[in-house]
Amino acid sequence: KSNTKSKITLNTTQGWAKAIKQFDIVDGPTQDLLANESKYNSSVDQAIALGKDPSSIALLPPNPAYQNTYDRIDYLFRTARNESYDASVVGGSEKTSYFISFGYTGQQSIVKPSGFNRYAGRINLDNQVTSKLKIGTSVSIARTYRNVSSNDNNAKGVINSAIFTRSYLPVF
């Protein structure tokens with residue numbers, strides 16, 4: 001555009017995301033009671049297989065009522081912030097026009113510690129050298145950072161690790 005004043009534009013968007021339904025956990029005492037029952041039942045099955053009297057099985061499990069409950073789901077999920085910022089300057093003179101922009105995008109995942117950050121910049125410069133010759137350039141640069149935790153169908157992913165680890169075991 002010929003003989004235009006520089007125009008500066010600033011834009012931002014903000015947002016938050018949260019899991020609408022999270023997993024329920026079994027409390028520590030209940031989970032320990034179930035584990036003790038499983039051990040006892042396995043011992044009875046083994047005694048029967050060996051031809052022993054099942055009533056002779058005497059296990060003294062610890063008292064499950066004293067087990068703590070550690071909620072891994074609270075440690076795992078979060079209200080994630082999403083943000084975006086863009087700034088640009090456009091202008092020119094009779095023979096030259098320019099456009100310069102910079103942007104940032106930050107996205108947290110609702111599952112810790114995943115996240116995404118991107119920085120981007122761009123410069124466009126055009127110059128009308130003669131009535132028949134116009135020279136221009138466009139340069140873009142971007143930097144992306146992703147912190148991806150293993151989830152999906154991975155047995156060792158953070159979600160499965162939080163769900164299937166016994167709730168009476170400490171998180172850290």
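Bear in mind that the values here come from a model prediction, so they are computed numbers and not experimental data. (Residues numbered from 1 in each chain as written. Predicted model: local features only at pLDDT ≥ 70, side-chain atom pairs only at ≥ 80, totals over all residues. Heavy atoms only, no water.)

Chemist: When you look at the nonpolar core in this model, what are you seeing that I'm missing?
Modeler: One broad trend across soluble globular proteins is that nonpolar side chains are buried collectively. By size, the foremost hydrophobic cluster in this structure holds 6 residues: A19, I73, L76, F77, V111 and A162. I73 has contacts with Q22, F23, I25, A162 and I163, leaving out every residue within four places of it along the chain. (Core = buried A, V, L, I, M, F, W, Y, C linked by side-chain atoms within 4.5 Å. Buried < 20%, exposed > 50% of the residue type's maximum accessible area, 1.4 Å probe, protein only. Contact = heavy atoms within 4.5 Å.)

Chemist: What exactly am I supposed to notice about the packing of aromatic side chains here?
Modeler: Any aromatic ring pair is given by two values, namely how distant the centres are and how the planes are angled relative to each other. One pass over the full model with this rule turns up 2 aromatic pairs. Ring centres of Y85 and Y104 lie 6.3 Å apart, and the angle between their planes is 20 degrees; this geometry places the pair in the stacked category. One end of the pair, Y85, is in strand β2 (residues 80–92); the other, Y104, is in strand β3 (residues 96–108), and 19 residues separate them in sequence. Its relative accessible area of 16% is what places Y104 among the buried residues. Centre to centre, the rings of Y104 and Y119 are 4.9 Å apart; their planes meet at 40 degrees, and the pair counts as tilted. Taken as a pair, Y104 in strand β3 and Y119 in strand β4 (residues 115–130) lie far apart in primary sequence, 15 residues in all. Clustering of aromatic rings is evident, with ring pairs tying together Y85, Y104 and Y119. (Phe/Tyr/Trp six-rings, centres within 6.5 Å; stacked < 30°, edge-to-face > 60°. Helix = DSSP H or I, 4+ residues; strand = E, 2+ residues; numbered from the N terminus.)

Chemist: It is not clear to me how the side chain of N124 should be interpreted in this structure. Could you clarify?
Modeler: With respect to the secondary-structure elements, N124 resides in strand β4. The exposure class assigned to N124 is buried, which follows from its relative accessible area of 17%. There is a polar contact of 3.3 Å between the side chain of N124 and the side chain of R122. Once residues within four sequence positions are removed from consideration, N124 is found in contact with S97, Y98, F99, T137 and S138. (Polar contact = N/O pair within 3.5 Å; in protein donor to acceptor, adjacent residues only side chain to side chain.)

Chemist: Help me out: how do you make sense of unusual backbone geometry in this one?
Modeler: The step from K112 to P113 runs through a cis peptide bond, and the omega angle for that step is -5 degrees. With respect to the secondary-structure elements, P113 resides in the loop between β3 and β4.

Chemist: Sorry, what's going on with the side chain of S114 here?
Modeler: Structurally, S114 is set in the loop between β3 and β4. Not counting chain neighbours up to four residues away, the residues in contact with S114 comprise R78, Q108, S109, N147, V148 and S149.

Chemist: Would you explain the pairing of strand β5 (residues 133–147) in this entry?
Modeler: Every other side chain in a regular strand lies on the same face of the sheet, so the side chains alternate between the two faces. As paired strands, β4 and β5 are joined by 15 bridges and run antiparallel to one another. Of the residues in β5, the one forming a bridge with Y119 is R143. Connecting the antiparallel pair β4 and β5 is a turn made up of 2 residues. (Pairing = 2+ DSSP bridges.)

Chemist: Just to check I follow, could you spell out the pairing of β4 for this structure?
Modeler: For β3 and β4, the ladder comprises 13 bridges, and the chain directions are antiparallel. The partner of G106 across the bridge, within β4, is N117.

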